[in-house]
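Here's the letter readout for the chains.
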Amino acid sequence: MRTSTIAIAGFAALALGLSACGSSDDSAAGSESPSAGAATMVATTTVWGSVAGQIAECAGGSVTTLMPVGADPHDFTPSSDQVATMVDADLVIANGLGLEEGLESAMESAQQDGAVVFEVAPLLDPMPFEAEGEVHAEGEEHAEGEEHAEGEEAHSHGEDPHVWLDVTRAADAAELIGAEMAKVTGDAAYETCGTEVGQELRSTNDAVVETLAAVPTDKRILVTDHDAFGYFAEAYDFRIEGVVIPGGSTLAEPSSAELASLAQAIQDSGVKTIFANTANPSALVDALAAEVGDVQVVELYVGSVGEPGSEAATYQGMMTTNATRISDALSG
Ligand SMILES: [Zn+2]
């Protein structure tokens, strides 16, 4: 039922687009095919909720974001109402590559119920985790239950899901999301708006590059709470000295030997800042900082945008705030 209605709506919008030739075809599509306007779209993380929400707002629609601000996407589990929201959605915009571990079964149900689950990360030239072999050897326990049960399908455990920390990839994602929204709603305005938001994100990327230019080459070293900055490091020319939580997720725990060797590496490299994660306040970061001594802990927006009204409330604000904090910490 639902798919055929959408197909008709899409066809109608396409026909309108061809004849009306770019005039106000979104309002026309809205009035003549109510099902197009009624398409429900859901984003999993606050990052994609921000990007998709801006596209929807530009096109006169809306997106529901499942995770609250400050949630850690690795360990967020939905309420039964949220599962229902996903299952009833026409389009679920997800990160994928195993990021949303607690949402996987809900996403599968949604898909079985006819929703389009659109995972962006696999489309953004994903990279393997840097120290993959090592990470697997040390992170064995966290993988056991769920990963083995579901291991054969969909995500590859070896690819890094944190694509959004490269703003250029997020700009590409905006274009892909807009095109997918246009397909699902039958309203071409979403595609135009996806391109617009994508262009804005390319400007955000320029701003991030400019801010980070203040960091001297020999200070471009990151120590972070977990292994989330591979794309960031590649895009903005940083090196990752170490991560506190092994395994590419926030769900594992380092051994005391791992913490001690990281503390030693930090002392040896002369690193003076450890970057924490607003979405995963971890006592381990503070413990590490105390063990190293003479280092500051600076919070970054890693898994979530900031609170509404804060400078990091949007994806753009999140990334420019991160750039400023990294620049201030490492160039001072
Ligand atoms: Zn992460």
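For the structure itself, consult the block above.
Residues numbered from 1 in each chain as written. Predicted model: local features only at pLDDT ≥ 70, side-chain atom pairs only at ≥ 80, totals over all residues. Heavy atoms only, no water.

Undergrad: Describe the overall build of the protein, with residues and values.
TA: Helix and strand counts for the protein stand at 15 helices and eight strands. Expressed as a percentage of the 332 residues in the protein, the buried residues total 51%. Across the protein, contacts joining residues at least 24 apart in sequence account for 70% of those joining residues at least 6 apart. When the accessible surface of the protein is split by element, carbon and sulfur atoms take 51% of a total near 14300 Å². (Helix = DSSP H or I, 4+ residues; strand = E, 2+ residues; numbered from the N terminus. Buried < 20%, exposed > 50% of the residue type's maximum accessible area, 1.4 Å probe, protein only. Contact = heavy atoms within 4.5 Å. Areas by Shrake-Rupley, 256 points an atom, 1.4 Å probe, with all protein chains shown as cover.)

Undergrad: Which residues make up the packing of aromatic side chains, and what values go with them?
TA: Throughout the structure, instances matching the rule amount to three aromatic pairs. Aromatic side chains Phe-232 and Tyr-236 sit 4.9 Å apart centroid to centroid with 55° between the ring planes, which places their arrangement in the tilted category. Here Tyr-236 and Phe-232 lie together in helix 12 (residues 230–236), a separation of four residues that amounts to about one turn. Just as Phe-232 is buried, Tyr-236 falls in that class too. For the ring pair Phe-232 and Phe-238, a centre distance of 5.6 Å and an interplane angle of 50° mean the geometry is tilted. Taken as a pair, Phe-232 and Phe-238 share a single burial class, namely buried. (Phe/Tyr/Trp six-rings, centres within 6.5 Å; stacked < 30°, edge-to-face > 60°.)

Undergrad: Could you give an account of the pairing of strand 3 (residues 91–94), with specific residues and numbers?
TA: Going residue by residue along strand 3, you find Leu-91 and Ile-93 tucked away on one face and Val-92 and Ala-94 tucked away on the opposite face as well. Pairing analysis gives three bridges linking strand 1 (residues 41–43) to strand 3, with the strands arranged parallel. Across the sheet, the residue bridging to Ala-43 is Ile-93, located in strand 3. Sheet topology note: the strand 3/strand 4 (residues 116–119) ladder contains four bridges and is parallel. Its bridge partner being in strand 4, Ile-93 is matched across the sheet by Phe-118. (Pairing = 2+ DSSP bridges.)

Undergrad: Quick one: what's the story with the nonpolar core, residue by residue and with numbers?
TA: What tends to happen in soluble globular proteins is that the nonpolar side chains get buried as a cluster. In terms of nonpolar packing, the biggest core is built from 61 residues, with Trp-48, Ile-177, Met-181, Phe-232, Phe-238, Tyr-315 and Met-318 touching the most fellow members. Broken down by secondary-structure element, the contributors of at least two residues to this core are strand 1, helix 4 (46–59), strand 3, helix 10 (167–185), helix 11 (189–212), helix 12, strand 8 (296–300) and helix 15 (315–331). Domain assignment of the residues forming this core places at least three in each of domain 1 (2–203) and domain 2 (211–331). The residues touching Ile-177, leaving out its near neighbours within four places in the chain, are Trp-48, Val-51, Ala-52, Ile-55, Ile-93, Phe-118 and Val-120. (Core = buried A, V, L, I, M, F, W, Y, C linked by side-chain atoms within 4.5 Å. Domains from an automatic or database assignment.)

Undergrad: Account for the coordination of the zinc ion, naming residues and giving values.
TA: His-74 (NE2), His-162 (NE2) and His-226 (NE2) make up the full set of protein donors to the zinc ion, lying at 2.0 Å. Here the donor residues of the zinc ion share one chain and are spaced in sequence as H-x87-H-x63-H. Here His-226 lies in strand 5 (residues 221–226) and His-162 lies in the loop between helix 9 (145–150) and helix 10, a separation of 64 residues in the sequence. Taking the relative accessible area as the measure of exposure, His-226 reaches 1% and is therefore buried. (Donors = N, O, S within 2.8 Å, 3.2 Å for Na, K, Ca; no water.)

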